[in-house]
Protein chains: 2
Amino acid sequence: MRTKEGNKAKTIIDAAIEVFAADGFHNAKISQIAQIAGIATGSIYLYYPNKESILSKIFEQVWSSLALPADDLLARKDMNPIEKLENLIDLFFDIFTEDPNLAKVFVNDQEHLMKTNSSAFIHNYENFLDTGEKIVLEGIKSQCFNPNIDIKIFRNFFFGGIRHLLHLWARDHKAFPLNVVRQNVKFILKKGILE
Amino acid sequence: MRTKEGNKAKTIIDAAIEVFAADGFHNAKISQIAQIAGIATGSIYLYYPNKESILSKIFEQVWSSLALPADDLLARKDMNPIEKLENLIDLFFDIFTEDPNLAKVFVNDQEHLMKTNSSAFIHNYENFLDTGEKIVLEGIKSQCFNPNIDIKIFRNFFFGGIRHLLHLWARDHKAFPLNVVRQNVKFILKKGILE
DNA sequence: GTTATTTTTGAATCATTATTCATTTATATT
DNA sequence: AATATAAATGAATAATGATTCAAAAATAAC
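Position labels on residues start from 1 in each chain and follow its written sequence. Each chain gets a letter, beginning with A, and each ligand a number, beginning with 1, in the order they are written. pLDDT decides what is reported in this predicted model: residues at 70 or higher carry local features, side-chain atom pairs at 80 or more are listed and counted, and totals for whole chains, interfaces and linings draw on all residues regardless. Excluded from the side-chain calculation are hydrogens and water; included are all heavy atoms of the structure.

K.L.:
How would you sum up helix α1 (residues 8-23) of chain B? Please name residues and give values.
P.N.:
An α-helix turns once per 3.6 residues; consequently, residues spaced three or four apart project the same way. By definition, any uninterrupted DSSP run of H or I lasting at least four residues is a helix, any uninterrupted run of E lasting at least two residues is a strand, and each is numbered from the N terminus. Multiplying one less than the number of residues by 1.5 Å gives the expected span of a helix. Across its 16 residues, α1(B) extends 22 Å between first and last C-alpha, which sits within 8% of the 22 Å expected from 1.5 Å per residue. Exposed residues in this analysis have more than 50% of their type's maximum accessible area, buried residues have under 20%, and partly exposed residues fall in between, with area computed by a 1.4 Å probe over protein chains only. Among the residues of α1(B), those classed as buried are B:Ile12, B:Ile13, B:Ala15, B:Ala16, B:Ile17, B:Val19, B:Phe20 and B:Ala21. A contact between two residues is defined here by any heavy atoms of the two lying within 4.5 Å. Buried-residue contacts for α1(B) involve α6 (100-116) of chain A together with α2 (30-37), α3 (44-47), α4 (51-75) and α6 (100-116) of chain B.

K.L.:
With reference to specific residues and values, describe the interface of chain A and chain B.
P.N.:
Each partner contributes residues to the interface: chain A has 50 residues there, and chain B has 50 residues. With both chains or domains summed, chain A and chain B bury close to 4300 Å², and 67% of this area falls on carbon and sulfur atoms. Put simply, a salt bridge is a Lys or Arg side-chain nitrogen that is within 4 Å of an Asp or Glu carboxyl oxygen. In this structure, the connection of chain A to chain B is made through two salt bridges. Among the salt bridges present, the one from A:Glu111 reaches B:Arg171, with a minimum N-O distance of 3.3 Å. Counting residues per element, the ones that place at least two in the side of chain A that touches chain B are α1 (8-23), α6, α8 (151-171) and α9 (178-191) of chain A. When residues in the side of chain A that touches chain B are grouped by element, the largest group, 16 residues, is from α8(A). Broken down by class, the residue content of the side of chain A that touches chain B amounts to 25 nonpolar, 15 polar and 10 charged. Buried area is understood as the total, over both parts, of accessible area removed when two parts are fitted together, assessed with a 1.4 Å probe. Gly counts as polar in this scheme, as do all residues outside two lists: the nonpolar Ala, Val, Leu, Ile, Met, Phe, Trp, Tyr, Cys and Pro, and the charged Asp, Glu, Lys and Arg.

K.L.:
Hey, could you go over the domain arrangement of chain A for me, with residue numbers and the actual values?
P.N.:
Residue and element names in this part refer to chain A. Split into domains, chain A comes out as domain 1 (1-48) and domain 2 (51-191). As used throughout, domain bounds are those supplied by an automatic or database domain assignment. Inter-centroid distance (C-alpha atoms) of domain 1 to domain 2 is 28 Å. Taken together, the contacts link 14 residues of domain 1 with 15 residues of domain 2. For the pair domain 1 and domain 2, the summed buried surface comes to about 1400 Å²; carbon and sulfur atoms form 75% of the total. The three residues of domain 1 that bury the most area against domain 2 are Ile 17, Phe 20 and Phe 25, which together make up 43% of that side's buried surface. Any N or O atom pair separated by 3.5 Å or less is treated as a polar contact, with the protein-specific requirement of one donor-capable and one acceptor-capable atom, and with residues adjacent in sequence counted only for side-chain atom pairs. Across the domain 1-domain 2 interface, the total number found is three residue pairs in polar contact (both at pLDDT 80 or more). Examining the composition of the side of domain 1 that touches domain 2, we find that seven residues originate from one element, α1, more than from any other. Looking at side-chain class alone, the side of domain 1 that touches domain 2 contains 11 nonpolar, two polar and one charged residues.

K.L.:
Describe the relation of the copies chain A and chain B, naming the residues involved and giving the relevant values.
P.N.:
Each of the two chain copies can be brought onto the other by rotation about an axis and movement along it. Rotating chain A by 180° and moving it 0.0 Å along the rotation axis overlays it on chain B with an RMSD of 0.0 Å. The symmetry that links the two subunits is that of a two-fold axis. What sets the superposition is a least-squares fit of C-alpha atoms, and only residues with pLDDT of at least 70 in both copies go into it.

K.L.:
Give a detailed account of the nonpolar core, specifying residues and quantitative values.
P.N.:
Buried Ala, Val, Leu, Ile, Met, Phe, Trp, Tyr and Cys residues that are joined via side-chain atoms within 4.5 Å together make up what is termed a nonpolar core. By size, the foremost hydrophobic cluster in this structure holds 137 residues, and its most contacted members are A:Phe20, A:Trp63, A:Phe92, B:Phe20, B:Trp63 and B:Phe92. Excluding residues that lie within four positions of it along the chain, A:Trp63 makes contacts with A:Phe92, A:Phe106, A:Gln110, A:Phe121, A:Asn124, A:Tyr125, A:Phe128 and A:Phe159.

K.L.:
Can you lay out the packing of α6(B) against helix α7 (residues 121-141) of chain B for me, pointing to particular residues and giving the numbers?
P.N.:
All names here are of chain B. Every axis corresponds to a line fitted to the C-alpha atoms, with the helix fit spanning only the stretch in contact, and the corresponding angles, defined between N-to-C directions, vary from 0 to 180 degrees. Contact geometry for α6 and α7: axes closest at 11 Å, N-to-C directions at 115°. In the crossing of α6 with α7, the sense of the turn from one axis to the other is left-handed. Listed contacts from α7 to Gln 110, Leu 113 and Met 114 of α6 are Phe 121, Ile 122 and Tyr 125. When the residues that make up the contact of α6 with α7 are grouped by side-chain class, the tally is five nonpolar, one polar and no charged. Each crossing is labelled by how the near helix is turned from the far one, with a counterclockwise turn of less than a right angle marking it left-handed and a clockwise turn marking it right-handed.

K.L.:
Would you mind going over unusual backbone geometry in detail, with residue names and values included?
P.N.:
Residue and element names in this part refer to chain A. Phi angles above zero are rare outside glycine, and Gln 143 is one such case at about 60°. Residue position: Gln 143 is located in the loop between α7 (121-141) and α8. Classification of Gln 143 by relative accessible area gives exposed; the value is 64%.

K.L.:
If you had to explain the protein's contact with DNA strand D to someone new, which residues and values would you point to?
P.N.:
Taken together, 22 residues are adjacent to DNA strand D, and A:Lys8, A:Ser43, A:Tyr47, B:Met1 and B:Tyr45 come closest. In this structure, a phosphate oxygen belonging to DNA strand D sits 2.9 Å away from a main-chain N or O atom of B:Ala28. The contact in question runs from a phosphate oxygen of DNA strand D to an N or O atom on the backbone of B:Lys51, over 3.0 Å. The residue makeup of the surface near DNA strand D, split by class, is nine nonpolar, six polar and seven charged. Throughout, the term near means that a residue has one or more heavy atoms lying within 4 Å of the molecule or strand in question.

K.L.:
Report on the protein's contact with DNA strand C, specifying residues and quantitative values.
P.N.:
Lining the immediate surroundings of DNA strand C are 22 residues, of which A:Met1, B:Met1, B:Lys8, B:Ser43 and B:Tyr47 lie closest. In the interface set of DNA strand C, defined as its atoms within 4 Å of the protein, sugar plus phosphate atoms amount to 62%. A distance of 2.2 Å separates a phosphate oxygen of DNA strand C from a polar atom in the side chain of B:Lys8. B:Gly42 is positioned with one of its backbone polar atoms (N or O) 3.2 Å from a base nitrogen of DNA strand C. The residue inventory of the surface near DNA strand C, partitioned by class, reads nine nonpolar, six polar and seven charged.

K.L.:
Tell me about the side chain of A:His167, and please be specific about residues and values.
P.N.:
As for its position among the elements, A:His167 is in helix α8. Overall, A:His167 belongs to the buried group, its relative accessible area being 5%. The residues contacting A:His167, other than those within four sequence positions of it, are A:Val107, A:Asn108 and B:Glu111.

K.L.:
Could you give an account of the environment of A:Ile12, with specific residues and numbers?
P.N.:
Residues and elements named next belong to chain A. By secondary structure assignment, the location of Ile 12 is in helix α1. For Ile 12, a relative accessible area of 0% translates into the label buried. Considered as a pair, Ile 12 and Asp 109 are 97 residues apart in the sequence and their alpha carbons are 17 Å apart.

K.L.:
Describe the pattern of salt bridges, naming the residues involved and giving the relevant values.
P.N.:
Residue and element names in this part refer to chain A. If you walk through the whole model with that rule in mind, you get 20 salt bridges over all chains. Asp 78 is the salt-bridge partner of Arg 76, the closest N and O atoms lying 2.8 Å from each other. Classification of Arg 76 by relative accessible area gives partly exposed; the value is 37%. You can call Asp 78 exposed: its relative accessible area is 53%. Overlapping salt bridges, with partners in common, bring together Asp 90, Asp 94, Arg 182 and Lys 186 in one network.

Have a look at this one:
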């Protein structure tokens, strides 16, 4: 007999994140992922049925790791809605602080999966966005948020803005430090731009 | 002799927008673009040297059409900064109102070109974003905008938010009517979410 | 209506890579 | 240390689709 040594499934994911981030999913080569993972090209297929499933796996991890924390946050009684929204933003950013490459892959390649694939992560992804929406609804009900705002539009606007900044940070940490980004996003969230 | 009939270069662009929007640049087939354009596959290459140059051309048109209007807007003396920002938002949305497919291509595929290609549109694109930044700066100087906001972050946050909403509108006009989106974006811009 | 020139065609070429699989290597068990 | 079994290899396969190009079609000029 022979046993598998190390956690190759994980090693492959890490290598894939690196290569997807650098080249984008479509231009990424399986052979390069294998090289970085330190295994043979064909060995990839012992762990994943195809290239797309590797990408899928990445997003499954991202969004499943946010599911519980987001649900818990929503349920808390000791925070007001604005605090909850701030925490939700932090949850999201925290996923990526340790891994700019993961942020690049998220921004550039998740959309591809949402078209073709009916992958397992989509449920968790939408649940995360819904949580933001629910918190806003809560804020409007408790009369601390402006009721003239369309909740769906608001949540998506914010998500889009944050997503774009995450992307810029991933490309250039110095120009867009994540703590400054967080702070500004929270500020705009609350106050808009007017003096 | 023989003369070219019709504006095939344009017909190809229109067909390409349709196909890129449906399949994404990487999965789009030149043969399908040709079919929709009503010409032979090989004829594409009489007008464009390769697939990527078609995509490039699309963005050249988009961003060059915004260059002058944006500059003019910036220079106007009869508007305050907030009015200028609102107009800038309108300029941007107006490009896409007639063509949801163009919006899809913008959101999904421009990034690809910004990586590989040093295409002609990039200058105009950045100029457009810079215009937004300049208006905000003007607003801060004239003390009508909050000076605590980081201008670069602000402009990118807004651009990202708008971009994401444009994408949602392109996928589902009914759920995200562009006029409602405009209105909400302008509202958030000014007031933030707090009551 | 013939010729010269340009446009158009679309099947053949060519390059690229994801995926497969016959073979080799490693190690758990005896 | 021999055997059995699973893991790993990487060269060969196979599919795809962008691009080319020799041939055909169209029309302007005469």
